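Coordinates in review
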Amino acid sequence: MKVFEAARLLDTTPRTLRFYEEKGLVTPTKARENGYRLYSEEDIERLRWIIALRELGMPLAAIGEVLQTARQPDDFLRLADRARALLYEEWVAAGQKLQALDDTIAKWRSQPQPELGAAEDAAEKMKHSRSQRSSWNDRWDYDRLALEHGEAAPMAALAKVLTPFSYEQALMKTLEWIDPIAGEYGAELGAGTGNLSVKLAEAGVRLTAIEQSVQMLSILRRRLPHVDAKLGNLLTIPLPDRVCAFIACSFAMHHLNDSQQLLALAEMDRILLPGGRMAIIDISKDSEAAADSTKFAAAGQPLAAAIEPFRLHELQSWLQSRRYSIFVERLESAAVMLFAVKSEQS
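Residues numbered from 1 in each chain as written. Predicted model: local features only at pLDDT ≥ 70, side-chain atom pairs only at ≥ 80, totals over all residues. Heavy atoms only, no water.

Points about the environment of lysine 97
Selection criterion: Only runs of H or I of at least four residues qualify as helices and only runs of E of at least two qualify as strands under DSSP, and these elements are numbered from the N terminus.
Along the chain, lysine 97 falls in helix H5 (residues 73-109). The spatial distance from the C-alpha of lysine 97 to the C-alpha of methionine 337 is 32 Å, given a sequence separation of 240 residues.

Notes on the pairing of strand S8 (residues 325-330)
To keep it simple, the criterion reads: Only when DSSP finds a minimum of two bridges between them are two strands counted as paired.
Examined bridge by bridge, S8 and strand S9 (residues 335-341) share six bridges and lie antiparallel to one another. Paired with isoleucine 326 across the bridge in S9 is alanine 340. Between the end of S8 and the start of S9, which pair antiparallel, lie four residues.

Concerning unusual backbone geometry
To be explicit about the condition: Think of it in three bands: residues with accessible area under 20% of the maximum for their type are buried, residues over 50% are exposed, and the middle band is partly exposed, with areas taken using a 1.4 Å probe on protein chains only.
Phi angles above zero are rare outside glycine, and arginine 242 is one such case at about 50 degrees. Relative to the helices and strands, arginine 242 is located in the loop between strand S5 (228-231) and strand S6 (244-250). Judged by its relative accessible area of 41%, arginine 242 falls in the partly exposed class.

Here's the deal with helix H6 (residues 116-135)
Applied cut-off: In this analysis, the expected span of each helix is defined as 1.5 Å times one less than the number of residues it contains. Note that the arc is computed from the directions linking the helix axis to the C-beta atoms. In what follows, a contact means two residues having at least one pair of non-hydrogen atoms within 4.5 Å.
Taking 1.5 Å of rise per residue, 20 residues should cover 28 Å, and H6 covers 28 Å from first to last C-alpha, within 8% of that figure. Within H6 the residues assigned to the buried category are Ala118, Ala122, Met126, Ser129, Gln132 and Arg133. Down the axis of H6, the smallest arc covering the buried residues is 125 degrees, so these residues share one side. Opposite the buried face of H6, at more than 90 degrees from it, the exposed residues are Leu116 and Ser134. If you follow the buried residues of H6, they end up packed against H5 and helix H12 (258-271).

Details of the packing of helix H4 (residues 60-68) against H5
Rules: Interaxial angles span 0 to 180 degrees and are taken between N-to-C directions of axes, which are lines fitted to C-alpha atoms, for helices over the stretch in contact. Throughout, the term roughly parallel applies to angles under 35 degrees, roughly antiparallel to angles over 145, roughly perpendicular to angles from 65 to 115, and oblique to all others. With the far helix as reference, a near helix turned anticlockwise by less than a right angle produces a left-handed crossing, and one turned clockwise produces a right-handed crossing. Any residue outside Ala, Val, Leu, Ile, Met, Phe, Trp, Tyr, Cys, Pro, Asp, Glu, Lys and Arg is labelled polar, Gly included; the first ten of those are nonpolar and the last four are charged.
Running from amino to carboxyl end, H4 crosses H5 at an angle of 165 degrees, the nearest separation of the two axes being 8 Å. In terms of their interaxial angle, H4 and H5 are classed as roughly antiparallel. As H4 runs across H5, the sense of the crossing is left-handed. Where H4 abuts H5, its residues Ala62, Glu65 and Val66 lie against Phe76, Leu79, Ala80, Arg82 and Ala83. The class makeup of the residues in the contact of H4 with H5 is six nonpolar, no polar and two charged.

Re the side chain of arginine 270
Let me state the cut-off plainly: Polar contacts, as counted here, are pairs of nitrogen or oxygen atoms within 3.5 Å of one another; within protein the pair requires one atom able to donate a hydrogen and one able to accept it, and residues that are adjacent in sequence qualify only if both atoms are side-chain atoms.
One can find arginine 270 in helix H12. Within the local environment of arginine 270, its side chain forms a polar contact with the backbone oxygen of isoleucine 237, the two atoms lying 2.8 Å apart. Apart from residues lying up to four places away in sequence, arginine 270 is in contact with Trp91, Val92, Ile237, Leu239, Pro240, Asp241 and Arg242.

Re the pattern of salt bridges
The condition that has to hold: Whenever a carboxyl oxygen of Asp or Glu lies within 4 Å of a side-chain nitrogen of Lys or Arg, that contact is scored as a salt bridge.
Counted according to the given criterion, the structure contains 16 salt bridges. One salt bridge in this structure joins arginine 144 and glutamate 148, with 3.1 Å as the shortest N-O distance. Of this pair, arginine 144 and glutamate 148 both sit in helix H7 (residues 142-149), four residues apart, which is roughly one turn of the helix. One salt bridge connects lysine 230 with aspartate 228, and the closest N-O pair in it is separated by 3.3 Å. Classification of aspartate 228 as partly exposed rests on a relative accessible area of 32%. One salt-bridge network, in which partners are shared between bridges, spans Asp141, Arg144 and Glu148.

Quick word on the sheet that holds strand S7 (residues 272-283)
Here seven strands make up an open sheet; going across it, the order is S5-S4-S3-S6-S7-S9-S8 and the pairing mixed. Looking at strand neighbours, the two that pair on one side only are S5 and S8, the edges of this open sheet. Direction aside, the axes of adjacent strands within the sheet are offset by 15 degrees on average. Relative to S6, strand S3 (residues 185-189) runs parallel, the two sharing four bridges. Within the sheet, the bridge partner assigned to glycine 186 lies in S6 and is phenylalanine 246.

Notes on the pairing of S7
Using the following cut-off: Orienting the strands away from the viewer, one traces the path from the first strand over the helix to the second; a clockwise path indicates a right-handed crossover.
Across the 12 residues of S7, nine count as buried, placing the element largely inside the fold. Here S6 pairs with S7 via six bridges, running parallel. Counterpart to isoleucine 247 in the pairing with S7 is methionine 278. After leaving S6, the chain enters H12 and then returns to the sheet as S7, a path that is right-handed.

Right under this line is the structure:
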């Protein structure tokens, strides 16, 4: 099939097909006598994939990787997960830019003449937010922990600061505060291998579990095939605005610095319904365990490395400024629970 025929069949243009060829996504043969491109049935099917994935927002580089794994379902879905997470990051960033522009325009309307300072202030905040999101990386190597410890990987990561009993107690306390109602929709953030997800699912909720580690996510999906599990992190939660009746987050905030914890809280606020509730449990800033973790990190013990204590007071202030009702409970262990209910008028 020649290029014009292929373009007509695929409802696109010859130029587009040549562009995909230039990018190495498809390699049609060329007729010896005249050099015309000839597309086989296999080429046409590949082009259908490319065109469909482009319409779904997948970048060309990701499409190339995905198509290489078309006959390997696990790898195909892993790469599709990653592309989706990146697309959500772009969507969230675009929404934040639009909000920042709206706020700036509102300031300009109140000024005799639009001032450059208003734009620069908004731009600086956006730059800081982008920097904090892009600077995060998994220093704990949770993929490796998942391969080594399986379902127990989250506990292994906290072994220097929590006992198995304290860890289980913390999960049960999170479940108690959330008080899940069968049929309601909620999210677990930093779900790990699904230790809390199992308890929430047993309560009959409709759950989306978000996890940044591919290997942990794989374990979670094997344990809970009926749960919607997505690749993502707390700084760009891959969910639409105002969809969750509850949010649960256990021992994930300590992977974020001060600024990132506030960004994560803003993301939780974005996806939470008015009247929704969130339960966040983590290592207390004032705990002896948090102080010890710094010593462990300095000594080169990776499983306890780089714990950023839960910035409880800063998070409380942020929530109070947005009219949340707040409750705090300190557990006997190093953990502290922050429970908050969003105003119905939000």
